[in-house]
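Structure assessment
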Amino acid sequence: MGVEGEVDLERELIDLLAVESFEPSEAFRARALLSDPAVYEEAAADPEAWWLRQATELLDWIETPSQGLDESDPPFYRWFADGRLNASANCLDRHVEAGRGDRVAFHWCGEEGEERDVTYTELLADVQRFANALRDRGIGKGDVVGIYLPMIPAVVVAMLACARIGAIHNVVFGGFAAEAVRGRMEFSHAKALVTVDGARRRGGTAPIKARVDAAMGAVDSIETIFVVRHTGAECEMRAGRDVWFEEAMAAAAPECPPEPMAAEDPLFILYTSGSTAKPKGILHTTGGYLTGVACTHRYVFDLRPDEDVYWCAADVGWVTGHSYIVYGPLINGATSVIYEGAPDYPECNAWWEIVERFGVTILYTAPTAIRACMKWGAHHPARHDLSSLRLLGSVGEPINPKAWLWYHKVIGGGRCPIVDTWWQTETGQIMLSPLPGIDAAKPGSVMLPLPGIDAAVFDENGEPVEGREGLLVLRRPWPGMLRTLYREEERFVETYFSRFGPQTYLVGDAARRDADGCFWVLGRVDDVIIVSGHRLSTAEVESAIVSHPKVAEAAVIGQSDEQTGQAICAFVTLEGDHEGSEEMIAELRDHVAERIGKLVRPKRVIWSGDLPKTRSGKIMRRLLRDIAEGRELGDVTTLRDPAVMEGLERKIAARRDEEG
Ligand code: WTA
């Protein structure tokens, strides 16, 4: 597509902006797994029975549960409590036993273009061996195992091997710094860590094991570090502690029967950002979580396991990867794509080449990736045959209508329904989304609560509101919900169930419901920001900045950003007479990268001699957000020194001019 093509496309998108909603095509509806709207009423009439039916239909149980929800001790809800099952057996054994062992579970694509197909039979064999290798190192039911790996097949093997023996996995996103891994291992008292010699990053390699060694010295609980050989990077192996993943597997017995787990036994912990600097260890259990992800993966993506090639382009280190790369697709017997690299490496068409190469039919990604592709231009996808695609998904942040329409038109060829799916690490499963064979989609809206889910928008007093902004809440427990915050029960109750009581889960997002009852999610109401679809805490970034010896004080806010949704903007006061220079900005960015990870580096640093504070000394981030967005300042009467704001406003304006 040339420049003219881009101009025509632009015109077409502007015309499409006038279209309020998009109905699924008759052709799609006719073949969809769910096409009768009565499913909503059926689930609403008896949600517990509906979920119990999903649990028994979609999963194999060692002991079938007789009950759905146990709400005797709110907000500590339990689901299917008398059932027993094993997650890895549901993902693997039952497909192999049913004769589907030769089906490809994953088409893996490496960054250098190498490919490996992993069948269900192969995955089961590897999982059993690694499960035994874990046992050989004294790891068993209830022990926590950290996993810090790039997007390679070993990450799935490691997760499912834990599930097989009842160990609890704690995956840390590969893009985080080793320092962030250390904290997460300490908080969870991890007994072992699975990591890699090195990771590939756009043609180069990063020495992961060496960095882990530097950071991990202090974690006493870690008895074993398994190291996957991937890039061949040199690494030191500490005698007694470190073992090669492949060697441990070769030495282990080939068969490992799945451990029967109670439905409420923990499956994994996943740390996510909250309002304070300390991440929250979201705990998910087995039976409810698996029911939630199996059901939503099947019906939201309208999955036909023997025909579809499904690709969730997230990283396995986030909840999207747990639920919709690993557990949901494998339980449903899907064939998926796992891609190690970036969408623009070696060129900006990398993703579209994969879609064409494997005939991907369902693609699930984040708005930030779509906006990046828009920026690179429609001529990249235009070089490839994308006609295999039949359904598109979006997750992680609000999608602006223009990006929605571009996705619909350029990637989906105008024929694919788009499911904009709202959910969280805490919810475990998709909660709000259109059902693609039933519902129309309005660009920018996450549409409706799925069957069995009860969502509402409340005002400050807990009254439902329509047509205006309020707080998103969930009014009825659902199977995939978090059960607690690991080792922080009080924080669990306080964060989610203190505002409106133990029956009502407080989401932390602002939302609006329109006259048709459709939900529009507007963003976070706490100090959580979402940068390129990654959920981060401003407090965590602040504490990293303040840990720099030359910094006296810092306040971090999310500033809206056309490309990344939000961008990190840091207001920093330096100690004594240190000067705020360009070099100092670079030093701070490096410092933050080292402490948490590159993706957390502030995009803007504003030097400020003083920060706006209340008389009691609390930093008023609300005002910082107002000036950063160029908004009229809110109430400033509680400020100790209103003059501070004028200085900051001038600096922000100057910075905007500089950036053009
Ligand atoms: C945001 C990611 C608008 C929201 C699965 C939520 C969304 C937070 C959407 C959770 C969406 C997620 N539209 N906003 N479709 N999906 N969010 O825990 O603010 O990494 O609270 O889970 O992402 O982020 P998390």
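Residues numbered from 1 in each chain as written. Predicted model: local features only at pLDDT ≥ 70, side-chain atom pairs only at ≥ 80, totals over all residues. Heavy atoms only, no water.

**Topic: the overall build of the protein**
- Check the secondary structure of the protein and you find 21 helices and 30 strands.
- Computed over C-alpha atoms, the radius of gyration of the protein comes to 25 Å, within 12% of the 26 Å expected from 2.2 N^0.38 for 660 residues, which places it in the range of a compact globule.
- Oriented by its inertia axes, the alpha-carbon framework of the protein measures out at about 70 × 65 × 60 Å.
- Out of the 660 residues in the protein, the part that is buried amounts to 60%. (Helix = DSSP H or I, 4+ residues; strand = E, 2+ residues; numbered from the N terminus. Rg over C-alpha atoms; globule rule 2.2 N^0.38 Å. Buried < 20%, exposed > 50% of the residue type's maximum accessible area, 1.4 Å probe, protein only.)

**Here's the deal with the sheet that holds strand β22 (residues 470–474)**
- Taken together, the 4 strands give an open sheet; going across it, the order is β21-β22-β24-β25, and neighbouring strands pair in antiparallel fashion. Two strands in the sheet have a free side with no partner beyond their single neighbour: β21 (455–458) and β25 (519–524). Here the strands of the sheet are splayed against their neighbours by 45° on average, with no regard to which way each runs.
- The pairing of β22 with strand β24 (residues 505–513) spans 4 bridges and is antiparallel. Among the inter-strand pairings, L471 is bridged to a residue of β24, identified as A510. (Pairing = 2+ DSSP bridges. Axes fitted to C-alpha atoms, helices over the stretch in contact; angles between N-to-C directions.)

**Brief notes about the nonpolar core**
- L123, F130, V194, Y327, L330, I545 and V572 are the most contacted members of the largest nonpolar core, which has 167 residues in total.
- Top element by residues in this core is helix α7 (residues 153–165). It accounts for 11 residues.
- If sequence neighbours within four positions are ignored, V572 has contacts with I545, V551, E553, A554, L588, V605, I606, W607 and S608.
- Listed in part, the 35 residues of the second largest apolar core include C109, V309, I354 and F358. (Core = buried A, V, L, I, M, F, W, Y, C linked by side-chain atoms within 4.5 Å. Contact = heavy atoms within 4.5 Å.)

**Brief notes about the sheet that holds strand β18 (residues 362–365)**
- One open sheet holds the 7 strands; their spatial order is β5-β4-β17-β16-β18-β19-β20, and the pairing between them is mixed. Lying at the two open borders of the sheet, with one neighbouring strand each, are β5 (115–119) and β20 (418–421). The average undirected angle you get between the axes of adjacent strands in this sheet is 20°.
- Where strand β4 (residues 104–109) meets strand β17 (residues 335–339), 4 bridges bridge the pair, whose relative direction is parallel. Within β17, the residue paired with H107 across the bridge is V337.

**Side note on the site of the ligand**
- Around the ligand sit 18 residues in total, of which D420, T421, T425, R524 and R535 are the nearest.
- The contact in question runs from an oxygen atom of the ligand to an N or O atom on the side chain of Q424, over 3.1 Å.
- Here the ligand, which alone exposes 530 Å², has 97% of that area covered by the protein.
- Every element with two or more residues in the shell around the ligand is listed here: α12 (319–331), β20 and β25.
- Its residues placed into classes, the shell around the ligand shows 8 nonpolar, 5 polar and 5 charged. (Near = heavy atom within 4 Å. Polar contact = N/O pair within 3.5 Å; in protein donor to acceptor, adjacent residues only side chain to side chain. Areas by Shrake-Rupley, 256 points an atom, 1.4 Å probe, with all protein chains shown as cover. Nonpolar A, V, L, I, M, F, W, Y, C, P; charged D, E, K, R; others polar.)

**Describing the packing of aromatic side chains**
- All chains considered together, the criterion is met by 29 aromatic pairs.
- For the pair F187 and Y271, a centre-to-centre distance of 6.0 Å together with 50° between the ring planes defines the contact as tilted. On the criterion of sequence distance, the pair formed by F187 in helix α8 (residues 178–188) and Y271 in strand β14 (residues 266–272) is long-range, its members being 84 residues apart.
- In this structure F187 comes out as partly exposed when scored by relative accessible area, which is 28%.
- Here Y271 falls in the buried class, since its relative accessible area comes to 9%.
- The ring of F358 has R357 lying over it, and the distance from NZ or CZ to the ring centre is 4.8 Å. (Phe/Tyr/Trp six-rings, centres within 6.5 Å; stacked < 30°, edge-to-face > 60°. Lys NZ or Arg CZ within 6 Å of the ring centre and 35° of its normal.)

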